[in-house]
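Structural features, examined
Take a look at the letters that make up each chain.
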Amino acid sequence: MRHVLAVLVDNKPGVLVRVAGLFARRGFNIESLAVGTTVDKTISRMTIEVEADEPTLEQIIKQLYKLINVLKVSNLTNEPSVHRELAMIKVRANSANRAEIQQIFETFRAKVVDVSHQSLIAEVTGNEEKIEAIIMLLSSYGILEIVRTGKISLLRGNKTTRNGEAKEKGQ
């Protein structure tokens with residue numbers, strides 16, 4: 001089963017390498033990883049998606065807590081949350097098929113960010129299924145390149161993850 005972890009860490013050089021190294025040493029594969037600073041610039045948030053059964057997931061969380069710069073680990077898998085990723089897709093486009101490709105972009109609310117004589121680049125955000133669907137439709141036109149951010153997630157409603165604990169706003 002795929003699990004989504006929100007990992008709060010000190011925003012210091014080398015922390016990402018230590019977290020990734022832990023996964024590599026233990027033979028755990030990271031399916032998706034996105035990292036950025038939080039409202040508190042001294043703390044970064046890693047959103048890590050990992051394929052693991054429950055005992056393996058418990059092992060991963062225990063190992064993460066052993067790292068000195070890890071402040072809190074939250075499992076968002078079964079929590080009501082919003083998951084998104086960003087993809088930029090460069091597709092072969094010429095005067096004959098450009099309108100068709102742009103129609104696909106519009107259907108998926110993708111934004112055209114670059115146009116050339118032989119290609120178009122679009123950015124699209126959404127859940128994994130949406131990204132996979134647009135890729136499938138564009139593949140027949142000739143995808144030249146794809147880059148994806150990895151999954152990012154937030155708890156729904158008034159809940160926030162502060163220091164890794166789900167808290168209602170105002171607490």
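Notes on the structure follow. (Residues numbered from 1 in each chain as written. Predicted model: local features only at pLDDT ≥ 70, side-chain atom pairs only at ≥ 80, totals over all residues. Heavy atoms only, no water.)

A few points about the overall build of the protein chain
- A tally of regular secondary structure across the protein chain gives 4 helices and 11 strands.
- Nonlocal contacts in the protein chain, meaning residues at least 24 apart in sequence, comprise 71% of its contacts between residues at least 6 apart.
- As displayed, the protein chain has an accessible area near 10100 Å², and 51% of this comes from carbon and sulfur atoms.
- Of the side chains in the protein chain, 24 bear a positive and 20 a negative charge, and the two mean positions are spaced by 6 Å. (Helix = DSSP H or I, 4+ residues; strand = E, 2+ residues; numbered from the N terminus. Contact = heavy atoms within 4.5 Å. Areas by Shrake-Rupley, 256 points an atom, 1.4 Å probe, with all protein chains shown as cover. Lys, Arg positive; Asp, Glu negative; His and termini not counted. Charge placed at Lys NZ, Arg CZ, Asp CG, Glu CD.)

Observations regarding the side chain of E49
- With respect to the helices and strands, the residue E49 is situated in strand β3 (residues 43–51).
- One polar contact links E49 to K151, side chain to side chain, over a distance of 3.0 Å.
- When sequence neighbours within four positions are dropped, the list of residues in contact with E49 reads R2, H3, V4, I30, E31, S32, E128 and K151. (Polar contact = N/O pair within 3.5 Å; in protein donor to acceptor, adjacent residues only side chain to side chain.)

Here we look at the nonpolar core
- Residues L5, V7, V19, F23, I60 and L64 are the most contacted members of the largest nonpolar core, which totals 19 residues.
- Looking at this core, the elements with two or more residues in it are β1 (2–10), α1 (15–26), β3, α2 (54–66) and β4 (70–75).
- Excluding anything up to four places from it in sequence, L5 contacts M46, T47, I48, L57, I60, I61, L64, V73, S74 and N75.
- In this structure, V91, A93, F105 and L138 belong to the second largest nonpolar core, which totals 17 residues. (Core = buried A, V, L, I, M, F, W, Y, C linked by side-chain atoms within 4.5 Å. Buried < 20%, exposed > 50% of the residue type's maximum accessible area, 1.4 Å probe, protein only.)

Structural notes on the pairing of strand β9 (residues 152–155)
- Alternating positions in β9 separate cleanly, S153 and L155 being buried on one face and I152 and L154 remaining unburied on the opposite face.
- Where strand β5 (residues 81–92) lies against β9, 4 bridges are found, and the strand directions are antiparallel. Looking at β9, one finds that S81 is bridged to L155. (Pairing = 2+ DSSP bridges.)

Observations concerning a nonpolar patch on the surface
- On the surface, L16, L33 and V35 cluster together into a nonpolar patch covering about 210 Å² of accessible area.
- Structurally, V35 can be placed in strand β2 (residues 30–37). (Patch = residues over 30% accessible without salt bridge, like charges linked within 9 Å, V, L, I, M, F, W, Y side chains within 5 Å. Salt bridge = Lys/Arg side-chain N within 4 Å of Asp/Glu carboxyl O.)

Let's talk about the packing of aromatic side chains
- On inspection of all chains with the given rule, the structure shows 1 aromatic pair.
- Geometrically, the ring pair formed by F23 and F28 is edge-to-face, given 6.2 Å between the ring centres and 80 degrees between the ring planes. As far as the burial class goes, F23 and F28 line up, both buried. (Phe/Tyr/Trp six-rings, centres within 6.5 Å; stacked < 30°, edge-to-face > 60°.)

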